[in-house]
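What follows is the residue order along each chain.
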Amino acid sequence: MGIQNFPVALQPIIQQGYLEREFQQSLRSRLGYRACADRQSFAIGIGETLTKTRAGLKASVTTPMVAATNTNLDNGLTPGSYGVEQFTIAINLYAATSDLNMVTSRVAIASQFLLNASINGEQAGRSLDELARNALFAPYFGGNTRVRTTLGSNGPAITVDDVRGFQTTFVNGMQTPLGAAASLVCTVGSNPYTLIGVSVDATNVSTAPGGISGVLTFSSSVTIADGTAGNTVTAATASSIVRPNNRTNTMLLQSTDTLTMAALLNAVAILRQNAVPEIDGVFNCYLDPVSARQLFSDNDFRMLFTGATSANQVFQRGLINDFLGLRFMPTTEAYLQNFPSIPGAVVRRPIVCGKGALIEGDFAGMIAPDIAPANAIISLVDGVAMVTREPLDRLQQIIAQSWYWIGGFCAPSDTTTNPTTIPTASNANYKRAVMIEHIG
C-alpha cells in the first residue's frame, strides 16, 4: 500500500525511515482556574438552570433595651429580618470527538489510540479551565468602565466601553433589569449620577475581554467635564480592581505600572475586609509568567527576601513560594490585551480568589444507565466522560474517541454582606475575588 493512499493527516506518522517508536508530548497549557471552584452536583429532573438562595446576616444590636418599653407580649421588641440573595447556574453540553481507523493505525510508529485519548483529555481539561476562567472574570469586570466618546453638550446619555455590571441591580436579593424602579448610583468622572437605563451597541466595539459596549442613560444630565472620553465610570456596586499607582481605569495605565507586592497586599486586604474565607489557609493568585517575573524587580519583594533562607530557591529557580497570604498559581490561560497607546505593551490581569469565588455544577446524570448502557465504554475522569465507541462502519474498522461534559460555572454574589453587617465590607456585588491590572 502506497503512503499516498493514506489520509493526509496520517501520512506523517507512518514509518518511512528510522523513527523513534513513540509520540512526544506537545507543549501544554498550564491550567488552574477550575481549582478555585466549589463543585456541586446538579440533580436530575430539575431543568437546565438551578437557582440557589443565600441568606444574609442581621445587623448588630448595640443599643440596650429601655426598661420602660419591656412590656406586653412583645417585650417592646420589633421583629427584624435578614436579607437573602439568589444566583443561578445553568448547565450545557460540551463535547468533541476524533476518529481512528484501527487498520491504518497498525502501521503507525506508536499507539495512536493512546495518543488520541491523551489529546482528548488535554482538550477537555483546557476547555473546562477556560469556561471556569470566563465565568470567574466576567462579574469581576462588572461596574468598571470608561467613557468612549466625549459629550458634545450636557446630556443624560454617555457611550461606554463595557456595560457589564450596569445592566442589572439586586432588588430583594434578585437580579433585576435596570430601570426607573431599579436604578443604580454611578460615578462618572468626578460626580455621582443615577443610572436608569442601559442599551447595547448593535456592533460591539468594547476593548475589554468579553466586554459589551453600549450607552448608559442617567436621570439627569452629565456634564461635558464628566462625560469626556477616557473618564472613569464606576457603579456603587462595582467589583474591586487594583491597579498600580491608583489608576482608575485600564486605559490610564502607564508603561511603569508593573505588578508590585503592594498591589498583591491590597488585593489580600480587600478580601479580608469583606471576610472572604481562604482556600486551605491562603488565597489563590492566578497569574501569567510575566506577571510573576515582574515581582522580582519590585523593591519591596527584594527586601522581603533579603537574608531569608528561602531566597535561594526563589531567586535561583525564579519561583515564587506561598507568602503574603497567597498561593501563587502560574497559568498560561490568563487574559492578555494589547495596550493600544503603548507599542508592545500588554495589559495583564492576575486575579486573587477566596473560597467560593466560583461554583461548578456537574450534572448528576452524566453517565446514567440510560445514557451510558452497561456495555458502553465510558469512563468518568475528573467529572468528564471519556467515551470510546466500537466500530459501526461496514468494515468495522473505524472507532470514535470522544469526551463530553454536562455542567456549568457561575460566580456567586455576596450582596447581603455589606457595611451594616460587617463594618469593613464594601458594597460590591461580587466580593470573593479581586482582579489586578498592570502593564507587562
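Rules used in this analysis
- Residues numbered from 1 in each chain as written.
- Predicted model: local features only at pLDDT ≥ 70, side-chain atom pairs only at ≥ 80, totals over all residues.
- Heavy atoms only, no water.
- Helix = DSSP H or I, 4+ residues; strand = E, 2+ residues; numbered from the N terminus.
- Buried < 20%, exposed > 50% of the residue type's maximum accessible area, 1.4 Å probe, protein only.
- Polar contact = N/O pair within 3.5 Å; in protein donor to acceptor, adjacent residues only side chain to side chain.
- Phe/Tyr/Trp six-rings, centres within 6.5 Å; stacked < 30°, edge-to-face > 60°.
- Lys NZ or Arg CZ within 6 Å of the ring centre and 35° of its normal.
- Contact = heavy atoms within 4.5 Å.
- Core = buried A, V, L, I, M, F, W, Y, C linked by side-chain atoms within 4.5 Å.
- Pairing = 2+ DSSP bridges.
- Axes fitted to C-alpha atoms, helices over the stretch in contact; angles between N-to-C directions.
- Salt bridge = Lys/Arg side-chain N within 4 Å of Asp/Glu carboxyl O.

Novice: What is the right way to look at the environment of Asp-393 in this model?
Specialist: In this structure, Asp-393 sits in the loop between β21 (384-389) and β22 (398-410). The exposure class of Asp-393 is partly exposed, given its relative accessible area of 25%. A polar contact is formed between the side chain of Asp-393 and the backbone nitrogen of Ile-398, at a distance of 3.1 Å.

Novice: Before we go on, may I ask you to explain the packing of aromatic side chains in this structure?
Specialist: Each pair of aromatic rings is reported with the distance of its centres and the angle of its planes. Under the counting rule described, the total for this entry stands at 10 aromatic pairs. Their ring planes at 70° and their centres at 6.0 Å tell us that Tyr-140 and Tyr-430 sit as a pair that is edge-to-face. With a gap of 290 residues between them, Tyr-140 in helix α1 (residues 112-141) and Tyr-430 in the loop between β22 and β23 (433-436) connect regions that are remote in the sequence. On the basis of relative accessibility, which here comes to 0%, the residue Tyr-140 falls in the buried class. Among the residues examined, Tyr-430 registers a relative accessible area of 15% and is labelled buried. Three or more aromatic residues joined by ring pairs make a cluster, and in this case those are Tyr-33, Phe-137, Phe-141, Tyr-286 and Tyr-335. Stacked on the ring of Tyr-335, the Lys or Arg Arg-133 has its end atom at 4.5 Å from the ring centre.

Novice: Looking at this structure, how should I read the environment of Asp-226?
Specialist: Within the secondary structure, Asp-226 is located in the loop between β11 (214-222) and β12 (232-235). Separated by 68 residues in the primary sequence, Asp-226 and Ile-158 have C-alpha atoms spaced 9.9 Å apart. Discounting residues that sit within four places of it in the chain, Asp-226 has contacts with Val-147, Val-188, Gly-189, Ser-190, Asn-191, Tyr-193 and Asn-231.

Novice: Which parts of the structure should I look at to understand the nonpolar core?
Specialist: Generally speaking, soluble globular proteins have nonpolar side chains that are buried together. In this structure, Tyr-33, Leu-136, Ile-351, Cys-353, Leu-358 and Trp-403 are the most contacted members of the largest nonpolar core, which totals 43 residues. At the level of elements, β1 (37-42), β3 (84-90), α1, β18 (351-353), β19 (358-363), β21, β22 and β23 are the ones that each hand at least two residues to this core. Apart from residues lying up to four places away in sequence, Trp-403 is in contact with Tyr-94, Ala-95, Ala-96, Asn-120, Gln-123, Ala-124, Ser-127, Leu-128, Val-384, Ala-385 and Met-386. Counting 23 residues, the second largest nonpolar core, distinct from the first, contains Ala-263, Cys-285, Phe-296 and Phe-323.

Novice: Explain the sheet that holds strand β5 (residues 144-146) here, please?
Specialist: Neighbouring strands of a sheet are bound in pairs by backbone hydrogen bonds; such pairs are parallel or else antiparallel. Spatial ordering of the open sheet is given by β5-β12-β9-β10-β11-β6, a layout of six strands whose pairing is antiparallel. Looking at which strands have only one partner, the edges of the open sheet turn out to be β5 and β6 (155-160). Strand-to-strand twist in this sheet, taken as the mean axis angle between neighbours without regard to direction, amounts to 35°. Two elements, strand β10 (residues 191-200) and β11, share five bridges in a ladder whose sense is antiparallel. Bridged to Val-200 within β11 is Gly-214.

Novice: Any chance you could explain the pattern of salt bridges here in plain terms?
Specialist: This model, assessed by the stated rule, comprises 16 salt bridges. We note a salt bridge from Arg-39 to Asp-382, for which the minimum N-O separation is 2.9 Å. Of this pair, Arg-39 sits in strand β1 while Asp-382 is found in the loop between β20 (377-381) and β21, placing the two residues 343 residues apart along the sequence. Judged by its relative accessible area of 47%, Asp-382 is partly exposed. A salt bridge links Arg-348 to Asp-288; the shortest N-O distance between them is 3.1 Å. Within this pair, whereas Arg-348 is found in strand β17 (residues 346-348), its partner Asp-288 is found in the loop between β14 (283-287) and α3 (289-295), the two being separated by 60 residues in sequence.

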